[in-house]
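Working through the structure, step by step
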Amino acid sequence: MSEQHRQIHLAAHFPGVNQQTVWSDPAAGSQIEFESFRRFAEIAERGLMDYLFLAEGLRLRERNGQIHDLDVVGRPNTVSVLSALAAVTKHIGLVGTLTTTYNEPADLARQLRSLDVLSRGRAGWNVVTTTNAFTGANFRKGDHLPHAERYTRAQEMISALEQIWATEQGHTTRLDSRYFDATVPQTLPASPQGRPVLVQAGASGEGRDIAARNVEVVFSMYGSFDDGQQFRSDLDERLEHFGRGRDDLKILPAITLAIGDTPDEAEERAQEICRAQVSDANAIYFMELVWGRDLSDHDPNGALPAFDPVEPTTANGRVPREGDLAARIRQANEWRAEAEAKGLTLRDIAVREYGRPSLVGTPEQIADEMIERVDGRASDGFTLVGHLVPDGLSEFVDRVVPLLQERGAYRTEYPQNATLRDLLGVTAAQPVELEGPVRA
Ligand SMILES: Cc1cc2nc3c(=O)[nH]c(=O)nc-3n(C[C@H](O)[C@H](O)[C@H](O)COP(=O)(O)O)c2cc1C
């Protein structure tokens, strides 16, 4: 008799423009052409995954007032890509990230319901509030709401969308809250899953409350066993507070992989991937986030800056590395001492700090580790982020998925006509009522 394991849920993250994806690799495809998305979806669906996931960036990254062209830049609109994918996939869920800060309810509700109807109940919405202040410049408001206000608006947006989605076709919804004052007609029927699955990404207390109150899946960065367990128990308390059960919410942290035939080979692969991810230019960029200023006059293969970090002077489209100035100065001093003692360059430190892939090992080791984390409730599965687009997850699908299946921890086929909510095995949360307007 094989041991009983909890079922693992998997999502495939089509990386946006970030340092995880190695676009310079000859095997990398386009981040724009539909063929990349189609192939990526085909691999994820071959791996029987719950959903394919797209992040959102509404501007091109900038650095010192210039477009940050270290990587490829730009990506097509999320809902357009997912709608096109609905036509070439059959089972897999299609989850798009869309911001609550820079959208209006009628438009967002209609886009997401359209995707849900076109895909016959396979749509999901990753609720984000957008960190990057400069995104505000795209919009009439031109400014960014403070963090707490963004979450007030997010809750109102979720409630508004739920109200609109619960309204029958041909009827209207009246929205009257702090941020919204609109009368919205329901132009479409419901999909087989009623409304899109809600996913959330945002780690503060407010973000976690939004998740515990409203959503069915959290996309987190807490990939290690201990961090995952801590995050889970924090969310469990919040779920209880909002009258929901632990199984009403799945947590799928981001995971990166290096697979090898032997542990040594996997380790070598991990090193190779890290060095490809942290190119010379990316090493400088990474250190600029710590030092808070332009370091383009520094040699990535030379010493770390001799001066201390400062308060950031340029808005480069990225929030500076976490930690206050004193902590960043301490960090810089530690790295400098270590670099001198061991003869390490700026890039050596960046490669190491940027972080090795989260799971490094043979297919057996990776399958064991995943099962252990899910059985130990450190997560309910994983959002897989490959370092290559579009084929980066094929080795995982071909070599690790069969082992998860053999061990009874993963589905062996898609259920017939399953919606995304069916695949995840979750029920929708009770909608939160919109609070009345707080207009003076
Ligand atoms: C794992 C993760 C993924 C995120 N993905 C996006 C994204 O694709 N687009 C976006 O505009 N914001 C994204 N965000 C930003 C969040 O929505 C939020 O604005 C930010 O994390 C600040 O909120 P917090 O303090 O609650 O974390 C992401 C955040 C996290 C933690």
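Residues numbered from 1 in each chain as written. Predicted model: local features only at pLDDT ≥ 70, side-chain atom pairs only at ≥ 80, totals over all residues. Heavy atoms only, no water.

In the nomenclature of an unreviewed UniProt entry, the protein corresponds to LLM class flavin-dependent oxidoreductase from the organism Gulosibacter faecalis.

**Structural notes on the packing of aromatic side chains**
To be explicit about the condition: Pairing of aromatic rings covers Phe, Tyr and the six-membered ring of Trp, with a centre-to-centre limit of 6.5 Å; geometry is then stacked below 30 degrees between planes, edge-to-face above 60, and tilted otherwise. Helix and strand assignments follow DSSP, with helices taken as H or I runs no shorter than four residues and strands as E runs no shorter than two, numbered in order from the N terminus.
By the definition in use, this model includes 7 aromatic pairs. Measuring from centroid to centroid gives 5.2 Å for Phe14 and Phe40, while their planes differ by 80 degrees, and the two rings are edge-to-face. One end of the pair, Phe14, is in strand β1 (residues 9-14); the other, Phe40, is in helix α1 (residues 34-46), and 26 residues separate them in sequence. Plain terms: the ring middles of Tyr102 and Phe139 are 4.6 Å apart, the flat faces sit at 10 degrees to each other, and that makes the pair stacked.

**With respect to the sheet that holds strand β10 (residues 217-218)**
Counted only if it meets this: Strand pairing is defined by DSSP finding a minimum of two bridges between the two strands. Residue contacts are counted whenever heavy atoms from the two residues lie within 4.5 Å of one another. Interaxial angles span 0 to 180 degrees and are taken between N-to-C directions of axes, which are lines fitted to C-alpha atoms, for helices over the stretch in contact.
Taken together, the 9 strands give an open sheet; going across it, the order is β11-β10-β9-β6-β5-β2-β1-β15-β12, and neighbouring strands pair in parallel fashion. Each having just a single partner strand, β11 (250-251) and β12 (254-255) make up the two edges of the open sheet. Of the strand pairs in this sheet, β10 and β11 are connected by 2 bridges, and their pairing is parallel. Residue pairing in the sheet places Val217 in a bridge with Lys250 of β11. Along the sheet, helix α2 (residues 78-88) makes contact with β2 (51-54) and β5 (93-99), crossing β5 at roughly 170 degrees.

**Observations concerning the confidence of the model for the protein**
As a reminder, the rule being used: By definition, pLDDT measures how confident the predictor is in each residue, and it falls between 0 and 100.
Looking at the protein, the pLDDT average stands at 91 and 92% of residues meet or exceed 70. The ipTM assigned to the predicted complex is 0.97, against a pTM of 0.92.

**Points about the pattern of salt bridges**
Selection rule: Basic side-chain nitrogens of Lys or Arg form a salt bridge, by our definition, when they fall within 4 Å of a carboxyl oxygen of Asp or Glu. The cut-offs for exposure are 20% and 50% of the maximum accessible area for each residue type, with area from a 1.4 Å probe on protein chains only; residues under the lower value are buried, those over the upper are exposed, and the others partly exposed.
Evaluation of the coordinates by the stated rule reveals 33 salt bridges. Put simply, Arg6 and Asp380 hold a salt bridge, and the shortest N to O gap is 2.7 Å. Of this pair, Arg6 sits in the segment before β1 while Asp380 sits in the loop between α11 (363-375) and β15 (381-385), and the two are 374 residues apart along the sequence. Residue classification places Arg6 among the partly exposed residues on the basis of a relative accessible area of 25%.

**Here's the deal with helix α9 (residues 325-342)**
Inclusion rule: The span you would expect from a helix comes to 1.5 Å times its residue count less one.
An ideal rise of 1.5 Å per residue puts 26 Å on 18 residues; α9 measures up with 26 Å between its terminal C-alpha atoms. Residues of α9 that are buried: Arg328, Ala332, Trp335, Arg336, Glu338 and Ala339. Lining the buried residues of α9 we find α8 (280-291) and α10 (346-354). Where α9 ends, the next residue or the one after it, Gly343, has phi of about 70 degrees, a positive value.

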